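Commentary on secondary and tertiary structure
Take a look at the letters that make up each chain.
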2 protein chains.
Amino acid sequence: MREVAILGIGQTKFGELWDRSFREIGIEAGFQALVDAKLGSGDLGALYLGNMASGSLIAQEHIAPLILDYSGLGGRHLEAMRVEAGSASGALALHSGWLAVASGAHDFVVVGGAEKLTDVPDVVANRIIGSTADHEWEEVFGATLPALWAMMARRHMNDFGTTRSDLASVAVHAHEMGSKNPNAHYRNRINLDAVLNAPPVAEPLGLLDCAPFSDGAAAVVLGPLERARKFTDTPIRIAASQVACDTMALQHRRELTTLDSTVVAAKRAFAQARRAPADVRVAEIHDAYTISALLAMEDLGFVAKGTAGPAFAEGLYGLGGKLTVNSSGGLKAQGRPFGAVGVAQAVELVRQLRGEAGERQVQGATVGLAHDVGGTGATSVVHLLERVN
Amino acid sequence: MREVAILGIGQTKFGELWDRSFREIGIEAGFQALVDAKLGSGDLGALYLGNMASGSLIAQEHIAPLILDYSGLGGRHLEAMRVEAGSASGALALHSGWLAVASGAHDFVVVGGAEKLTDVPDVVANRIIGSTADHEWEEVFGATLPALWAMMARRHMNDFGTTRSDLASVAVHAHEMGSKNPNAHYRNRINLDAVLNAPPVAEPLGLLDCAPFSDGAAAVVLGPLERARKFTDTPIRIAASQVACDTMALQHRRELTTLDSTVVAAKRAFAQARRAPADVRVAEIHDAYTISALLAMEDLGFVAKGTAGPAFAEGLYGLGGKLTVNSSGGLKAQGRPFGAVGVAQAVELVRQLRGEAGERQVQGATVGLAHDVGGTGATSVVHLLERVN
């Protein structure tokens, strides 16, 4: 298979974008990525679009040709495809685009992710995101996504001595990083007390342990690495793209404190890239809930099982450390427009690997990891990106 | 890219399957396909699942890992992905699976399509299928899918002299073929008078010009052609797999009587397979509405623009002719479980090319074409399948 590079990136601000429609944000991110890649739309072969629930959220299915159309490309008869895996939809779109270019089926493609989540009441949005867990065996009994992750948190606290304060430190870290990101939904710094005293959502998780509902879109342009220098001085190679699944319902898992889908996807990704966790200097991980970030750091192989809480509490993952985590602010502070998240993670890594991340730049980063999760871990996707010297 | 073969097929009955859930029908089709391929689940690498609107229809997103899970494969951590393009979702899933095997990313994959459309009231289903057209510029003004296709029919009648009776003959043909298919939603024969006198839906289209809402699932197992003989004496090669898009809204099209997406996808597919329309002996085409079948036959290159109506009226496409169309009964009689349709088309072609189609067998067929359309033609997908001798 051919080597694939990311040639351009684009992203809207994340947040409550009530003045703009789904199609407008989708187009904005896509155009930015095309301009950044210095690629004419005449070179494009396909669009792969990640989205969780446009049918329920904006009464519109069939959105991949819609975005092509409103980009002015409707008459060009490109290939377009939407892919969906709950909140891992964006990363799956990146996987699809990678496969299309790696296989030789297309040379240049746009990968987009978009979600318009704040045009419905929060209670509706909560029901919709709950439909990414097992509807018949979890959601109908009242188990919302936060409630399911809260059970994982309780078990982690019980088994490993993780404290409420360890969890809260993940949110503090996210807002600190988000304060440096102009695209972030939340740019305010918060402290431990604020997280610990926030209203409970599903104990032990409080309001500030949970990533927000956001609108937003992100896009990348992919092409063959061998032709990348024509478009950019800093092509970023996709060194690995791996997807792994697990049972939908928590009660069928081997255990509650490990996402086996993440463990497997990460192992496959490091093998594909011939890399190890120690090579990674910058990582964008799934922190939809503070507990999610702890499981991610452990299951990706960055720290031993049960030790991620103290690591976050000690502030190991900020700028200047061995590994900077969620420099974008993550889902918690940059925001959580579900289908856009996986693509936005790649966008942030490309910024970092190019050295264009401004005041949140990680010095000397050449390898980055992106980790996206659908539902409570029924899908995990891991990408490894490398700067080509 | 590697040559890809279909090694196994499976399909549920299509119809109002009120006694079975989405996950049950998905699993039934998948298991049938695995058994037919004589493939152990241990050999599988991925699942690609086509589905239009599970979120709106059964309050469940993230359905690809769900089907894996309830197949007993949840602990195997395979890759799984849902793809969506309205009623072309199934064909896009087949395209995704083809790409995964052709690229070498996976050796053996299951491609499934499933939809549970009859668990909601018809008026809700109608709104949901309308969301595959342009919601903001068509559906909110009351333009349902039948209404949009009716405008194409009116224009076709005006421009080419197509008659109401020509249209009706498409439905008569479909039910004749469906009468020979044990899986068909409708197995009753109908006559022209029945179609012409059915209650109007969107004039000139009446109730019997419109394919039904159906539940159903279909699946195929794909693998590398070079290894296919190990599993089957009659591997069916995927000679072409092409996707093309067009504007979402009808008013932006070049004209109303041609689906340019179909024209382009077909041209690409015939070029990829080094074949011509005259090579095709058996075709499964998109006949969601009787007018859809006329446009399909013309846009695929089987007949000149404007002449498909008289061709159907003369009965050219039954068994024994040069080209048999929709031997399954098509969407009109076999049924229309949206996301399953594109996969079911491939299943029917494999039956025909293997010589296993029973009383609807087309003699001597070695090349088959499948044509799936999303919305009013914003997506068209064309596959060419060939029996390998």
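Procedures and definitions
Each chain has its residues counted from 1, following the order in which its sequence is written. All chains are assigned letters beginning with A, and all ligands numbers beginning with 1, in the order in which they are written. Only residues with pLDDT of at least 70 are given local features in this predicted model, and only at 80 or more are side-chain atom pairs given and counted; all residues enter the totals for whole chains, interfaces and linings. Hydrogens and water molecules were not included; the side-chain quantities draw on all heavy atoms of the structure. Counting from the N terminus, the helices are the DSSP runs of H or I reaching at least four residues and the strands are the DSSP runs of E reaching at least two. Relative accessibility decides the category of a residue: with a 1.4 Å probe and only protein chains considered, values under 20% of the type maximum give buried, values over 50% give exposed, and everything between is partly exposed. Polar contact is defined as a pair of N or O atoms within 3.5 Å, subject to the rule that within protein one atom must be able to donate a hydrogen and the other to accept it, and that residues adjacent in sequence are counted only when both atoms are side-chain atoms. Should any heavy atoms of two residues lie within 4.5 Å, those residues are considered in contact. What pLDDT expresses is the predictor's confidence in each residue, scored from 0 to 100. Structural elements are reduced to axes, namely lines fitted to C-alpha atoms, with helices fitted over the stretch in contact, and the angle between N-to-C directions of any two is expressed from 0 to 180 degrees. The cut-offs work like this: below 35 degrees is roughly parallel, past 145 is roughly antiparallel, 65 to 115 is roughly perpendicular, and the gaps in between are oblique. Polarity classes work like this: nonpolar for Ala, Val, Leu, Ile, Met, Phe, Trp, Tyr, Cys and Pro, charged for Asp, Glu, Lys and Arg, and polar for all others, with Gly in that last group. Buried area, as used here, totals the accessible surface that two parts lose on assembly, with accessibility defined by a 1.4 Å probe and the loss added over both. Whenever a carboxyl oxygen of Asp or Glu lies within 4 Å of a side-chain nitrogen of Lys or Arg, that contact is scored as a salt bridge. In this analysis, strands are considered paired if DSSP registers two or more bridges between them. By definition here, a helix of n residues has an expected span of 1.5 Å times n minus one. Superposing the copies works by least squares over the C-alpha atoms of residues that have pLDDT at least 70 in both of them. In these notes, a set of buried Ala, Val, Leu, Ile, Met, Phe, Trp, Tyr and Cys residues joined through side-chain atoms within 4.5 Å is what counts as a nonpolar core. Two rings from Phe, Tyr or Trp (for Trp, the six-membered ring) form a pair when their centres sit within 6.5 Å of each other. Planes less than 30 degrees apart are called stacked, planes more than 60 degrees apart edge-to-face, and all others tilted. We count a charge as sitting over a ring when the NZ of a lysine or the CZ of an arginine lies within 6 Å of the ring centre and within 35 degrees of the ring normal.

1. Looking at the side chain of His185(B)
Residues and elements named next belong to chain B. Tracing the chain through its elements places His-185 in the loop between helix 7 (164-178) and helix 8 (192-196). For His-185, a relative accessible area of 15% corresponds to the buried category. Among the polar contacts made by the side chain of His-185, one reaches the side chain of Ser-214 at a distance of 2.8 Å. Once residues lying within four places of it in the same chain are set aside, the contact partners of His-185 are Lys-13, Phe-14, Gly-15, Glu-16, Pro-212, Phe-213, Ser-214, Ala-333, Gln-334 and Gly-335.

2. Things to note about the confidence of the model for chain A
Of all residues in chain A, 100% have pLDDT values of 70 or greater, and the mean over the chain is 97. Across the interfaces of the predicted complex, the ipTM metric reaches 0.96, alongside a pTM of 0.98.

3. Some points on unusual backbone geometry
Going from Glu203(A) to Pro204(A), the amide bond is cis rather than trans, its omega being 15°. As for its placement among the helices and strands, Pro204(A) is situated in the loop between strand 5 (200-202) and strand 6 (205-206). Backbone geometry places His77(B), a non-glycine residue, at a positive phi of 60°. Mapped onto the elements of the fold, His77(B) is located in the loop between helix 3 (63-73) and strand 3 (79-84). His77(B) gets classed as buried once you look at its relative accessible area, which sits at 11%. Unusually for a residue other than glycine, Arg274(B) sits at a positive phi of about 50°. If you trace the backbone, Arg274(B) turns up in the loop between helix 9 (260-273) and strand 9 (282-284).

4. Structural notes on the environment of Ala147(B)
Residues and elements named next belong to chain B. Mapped onto the secondary structure, Ala-147 falls in helix 6 (residues 145-160). With a relative accessible area of 21%, Ala-147 lands in the partly exposed category. When the C-alpha atoms of Ala-147 and Gly-130 are compared, they prove to be 9.9 Å apart, with 17 residues separating the residues in sequence.

5. Re the packing of helix 4 (residues 89-103) of chain B against helix 13 (residues 341-354) of chain B
All names here are of chain B. In the contact formed by helix 4 and helix 13, the axes pass within 5 Å of each other and the chain directions differ by 65°. The angle between the axes of helix 4 and helix 13 places the two elements in the roughly perpendicular class. Counted together, Gly-90, Ala-91 and Leu-94 of helix 4 and Gly-342, Val-343 and Ala-346 of helix 13 form the full contact between these two elements. Classifying every residue of the contact of helix 4 with helix 13 gives four nonpolar, two polar and no charged.

6. Remarks on the interface of chain B and chain A
Each partner contributes to the interface: chain B provides 62 residues, whereas chain A provides 62 residues. Of the roughly 4500 Å² buried where chain B meets chain A, counting both sides, 52% is carbon and sulfur surface. Where chain B meets chain A, there are six salt bridges. With a closest N to O distance of 3.0 Å, Arg82(B) and Glu84(A) form a salt bridge. Counting every contact that joins chain B to chain A gives 32 residue pairs in polar contact (both at pLDDT 80 or more). Among the elements of the structure, helix 2 (54-58), helix 3, strand 3, helix 4, strand 8 (236-245) and helix 9 of chain B are those that each provide at least two residues to the side of chain B that touches chain A. Looking at side-chain class alone, the side of chain B that touches chain A contains 28 nonpolar, 20 polar and 14 charged residues. Here strand 3 (residues 79-84) of chain A pairs with strand 3 of chain B via three bridges, running antiparallel.

7. Focus on the pattern of salt bridges
All names here are of chain A. Counted according to the given criterion, the structure contains 54 salt bridges over all chains. Note that Arg-82 is salt-bridged to Glu-61, the shortest N-O span being 3.1 Å. Of this pair, Arg-82 sits in strand 3 while Glu-61 sits in the loop between helix 2 (54-58) and helix 3 (63-73); the two residues are 21 residues apart in sequence, bridging distant segments of the chain. Since its relative accessible area comes to 1%, Arg-82 is described here as buried. Judged by relative accessible area, Glu-61 falls into the buried class, the value being 3%. The salt bridge involving Arg-275 is made with Asp-279; its shortest N-O contact spans 3.9 Å. Classification of Arg-275 as partly exposed rests on a relative accessible area of 31%.

8. Concerning helix 6 (residues 145-160) of chain A
Residue and element names in this part refer to chain A. Over its 16 residues, helix 6 runs 22 Å from end to end, which matches the ideal 22 Å to within 8%, given 1.5 Å per residue. Along helix 6, the positions that sit buried rather than exposed are Leu-145, Pro-146, Leu-148, Trp-149, Ala-150, Met-152, Ala-153 and His-156. Considering only its buried residues, helix 6 is in contact with helix 5 (122-130), helix 7 (164-178), strand 5, strand 6, helix 10 (290-299) and strand 11 (367-374). Looking one or two residues past helix 6, Gly-161 carries a phi angle of roughly 75°, positive in sign.

9. Re the relation of the copies chain B and chain A
Mapping chain B onto chain A calls for a screw motion: a turn of 180° about the axis and a shift of 0.0 Å along it, with 0.0 Å RMSD after fitting. Here the symmetry operator amounts to a two-fold rotation axis.

10. Description of the nonpolar core
Trp149(B), Val280(B), Tyr289(B), Ile291(B), Met297(B), Leu369(B) and Leu384(B) are the most contacted members of the largest nonpolar core, which totals 95 residues. Tyr48(A), Val109(A), Leu92(B) and Val109(B) belong to the second largest nonpolar core, which has 82 residues in total.

11. Details of the packing of aromatic side chains
The geometry of an aromatic ring pair is captured by the separation of the ring centres together with the interplanar angle, meaning the angle of the planes. Residue and element names in this part refer to chain B. Inspection of every chain in the model, using the stated rule, returns six aromatic pairs over all chains. An angle of 70° between the planes, with centres 5.1 Å apart, marks the rings of Phe-108 and Phe-231 as edge-to-face. Placement of the pair is Phe-108 in strand 4 (residues 108-115) and Phe-231 in the loop between strand 7 (216-224) and strand 8, with a sequence separation of 123 residues. Taking relative accessible area as the criterion, Phe-231 reaches 7% and is therefore assigned buried. The ring of Tyr-70 carries the charged tip of Arg-23 above its face, separated from the ring centre by 4.4 Å.

12. Some details on the pairing of strand 1 (residues 4-11) of chain A
All names here are of chain A. With respect to burial, strand 1 is a largely interior element, eight of its eight residues being buried. Relative to strand 7 (residues 215-224), strand 1 runs antiparallel, the two being bridged by seven bridges. Counted as the bridge partner of Gly-10 is Ala-219 from strand 7. Two strands pair when backbone bridges link them, and strand 1 and strand 8 (residues 236-245) are joined in this way by two bridges, in the antiparallel orientation. The partner of Ile-6 across the bridge, within strand 8, is Ile-236.

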